[in-house]
Amino acid sequence: MSHLIKTVEDGVMKIVLNRPDAMNALSRDMMQALSDSLEEAAGSRAIGCVVVRGAGDKAFCAGGDVKSMAAGRDQDKTYEDKVHDIRERMKVSELLHEMGKPTIAMVNGVAAGAGLSLALAADMRFAGKSARMTTAFAKVGFSGDFGSHYFLHKLVGTSKARELYFTAEILNAEQIEKLGLATRIVDDANLDAETMAFAKKLAAGPRVAWWHAKKNMKVAEEGTLSEALDSEAARMIRTGETEDHKEAARAFVEKRAPNFKGL
């Protein structure tokens, strides 16, 4: 059985983490396939949006494969090699957060540990009413990885982020919504359909503009106001030169919906 299923429909790459019997815990094969799929999506003009979800209805992703960890894998490797290996695997969080197109985590069930990190790395999170989120790392004596410290404090503030790390509290859908960790809370039965419909709308949008908007977001997250304004100025002029902008301007005058081509 493949640990990851990838499909493309109407410009949306849908990636399914496929270990439902293990709550979609991250195996090495899954991580490699996820990295390859995200690299493909990032570099493909045919893809306008990416959606990641877990197989089944119990979990988005329960995080790392604790059973494999308990078995003592990689004990023959040096500390430096282990650090290098995990850092390479963590590039999936960078891809989700920084690729030049919208990314959505469809949180069906539990998102824990590194699974929560992946959900937080996406631009948006559509969560079912049965969704649960937890940092979880403290429960297995880990400090945490895959960018969760960075994303969590950006979303909820440093004080709340520290609390969630230290307590490993399990958040229900109401708490998730209150903290702003989800873009939308959706009935479980409608989660897939509503998320995919939203993703397809984004994929049909001005893809060059999305690329530049995400670059602006990165500068805004990490740089100064002056740097953010510089980036916005340059990218505003660039997107104004695109065929999509010209089409949108014509559509506005003609009182019709624009037909974007990603050019």
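Residues numbered from 1 in each chain as written. Predicted model: local features only at pLDDT ≥ 70, side-chain atom pairs only at ≥ 80, totals over all residues. Heavy atoms only, no water.

Brief notes about the overall build of the chain
Okay, step 1: Across its full length, the chain carries 12 helices and nine strands.
Okay, step 2: Rg of the C-alpha trace for the chain: 19 Å, near the compact-globule value of 18 Å for 263 residues, within the 12% margin.
Okay, step 3: Per-residue burial for the chain yields a buried fraction of 43% across its 263 residues.
Okay, step 4: By sequence separation, contacts in the chain at least 24 residues apart represent 68% of the contacts at least 6 residues apart.
Okay, step 5: With the model as given, the accessible surface of the chain reaches about 13700 Å², and the carbon-plus-sulfur share is 56%.
Okay, step 6: Treating the 37 positive side-chain charges of the chain as one cloud and the 37 negative ones as another, the clouds have centres 2 Å apart. (Helix = DSSP H or I, 4+ residues; strand = E, 2+ residues; numbered from the N terminus. Rg over C-alpha atoms; globule rule 2.2 N^0.38 Å. Buried < 20%, exposed > 50% of the residue type's maximum accessible area, 1.4 Å probe, protein only. Contact = heavy atoms within 4.5 Å. Areas by Shrake-Rupley, 256 points an atom, 1.4 Å probe, with all protein chains shown as cover. Lys, Arg positive; Asp, Glu negative; His and termini not counted. Charge placed at Lys NZ, Arg CZ, Asp CG, Glu CD.)

Let's talk about the environment of Arg53
Okay, step 1: Its location among the elements puts Arg53 in strand E3 (residues 49–54).
Okay, step 2: In this structure Arg53 comes out as buried when scored by relative accessible area, which is 14%.
Okay, step 3: Considered as a pair, Arg53 and Lys14 are 39 residues apart in the sequence and their alpha carbons are 7.8 Å apart.
Okay, step 4: Non-local contacts of Arg53, meaning those with residues more than four positions away in its chain, are made with Lys14, Ile15, Val16, Leu17, Phe60, Met106, Asn108 and Asp192.

Side note on the environment of Ser35
Okay, step 1: Within the secondary structure, Ser35 sits in helix H1 (residues 28–43).
Okay, step 2: Residues Ser35 and His84, 49 residues apart in the sequence, show an inter-C-alpha distance of 16 Å.

Digging into H1
Okay, step 1: When the terminal C-alpha atoms of H1 are compared, their 23 Å separation across 16 residues agrees well with the 22 Å that a helix rising 1.5 Å per residue should span.
Okay, step 2: Those residues of H1 that fall on the buried side of the exposure criterion are Met30, Met31, Leu34, Ser35, Ser37, Leu38 and Ala41. (Expected span 1.5 Å × (residues − 1).)

Quick word on the packing of aromatic side chains
Okay, step 1: For the structure shown, the criterion picks out three aromatic pairs.
Okay, step 2: Measuring from ring centre to ring centre gives 5.0 Å for Phe126 and Phe198, while their planes differ by 45°; the resulting arrangement is tilted. With a gap of 72 residues between them, Phe126 in strand E7 (residues 124–128) and Phe198 in helix H9 (residues 191–203) connect regions that are remote in the sequence. With respect to burial, Phe126 and Phe198 carry one shared label: buried. (Phe/Tyr/Trp six-rings, centres within 6.5 Å; stacked < 30°, edge-to-face > 60°.)

Thoughts on the side chain of Thr135
Okay, step 1: Along the polypeptide, Thr135 turns up in the loop between strand E8 (132–134) and helix H6 (148–156).
Okay, step 2: Reaching out from Thr135, the side chain makes a polar contact with the backbone oxygen of Leu164 at a distance of 2.7 Å.
Okay, step 3: For Thr135, the contacting residues outside a window of four places in its chain are Ala112, Gly113, Leu116, Leu152, Leu164, Tyr165 and Ala168. (Polar contact = N/O pair within 3.5 Å; in protein donor to acceptor, adjacent residues only side chain to side chain.)

Observations regarding the sheet that holds E7
Okay, step 1: The six strands are arranged E1-E2-E3-E5-E7-E9 in an open sheet whose pairing can be described as mixed. What marks the edges here is a single partner per strand, and that holds for strand E1 (4–9) and strand E9 (184–186). Each neighbouring strand pair of the sheet contributes to a mean axis angle of 20°, computed without reference to strand direction.
Okay, step 2: As judged from the six bridges shared by E1 and strand E2 (residues 12–17), these two strands associate in the antiparallel manner. Bridge pairing in E2 links Lys6 to Ile15. (Pairing = 2+ DSSP bridges. Axes fitted to C-alpha atoms, helices over the stretch in contact; angles between N-to-C directions.)

With respect to the pairing of E2
Okay, step 1: The buried count for E2 comes to six of six residues, which makes it a mostly enclosed element.
Okay, step 2: Residues Val12, Lys14 and Val16 line one face of E2 and the alternating positions Met13, Ile15 and Leu17 line the opposite face, and both faces are buried.
Okay, step 3: Linking E1 to E2, which pair antiparallel, is a turn of two residues; within it Asp10 sits at a positive phi near 50°.
Okay, step 4: Where E2 and E3 come together, six bridges link them in parallel fashion. The residue of E3 that forms the bridge with Ile15 is Val52.
Okay, step 5: The parallel pair E2 and E3, bridged by H1, forms a crossover whose chirality is right-handed. (Right-handed = clockwise from strand over helix to strand, strands pointing away.)

Some remarks on the sheet that holds E8
Okay, step 1: Taken in spatial order, the three strands line up as E4-E6-E8 in an open sheet, and their pairing is parallel. If you trace the sheet from one side to the other, it starts and ends with strand E4 (59–61) and E8, each paired once. Neighbour-to-neighbour, the strand axes of this sheet turn through a mean angle of 15°, independent of strand direction.
Okay, step 2: Taken together, the two bridges between E4 and strand E6 (residues 110–112) define a ladder with parallel strand orientation. In the sheet register, Ala59 faces E6, and the bridge partner there is Val110.

These values are about where atoms sit, not about what they do.
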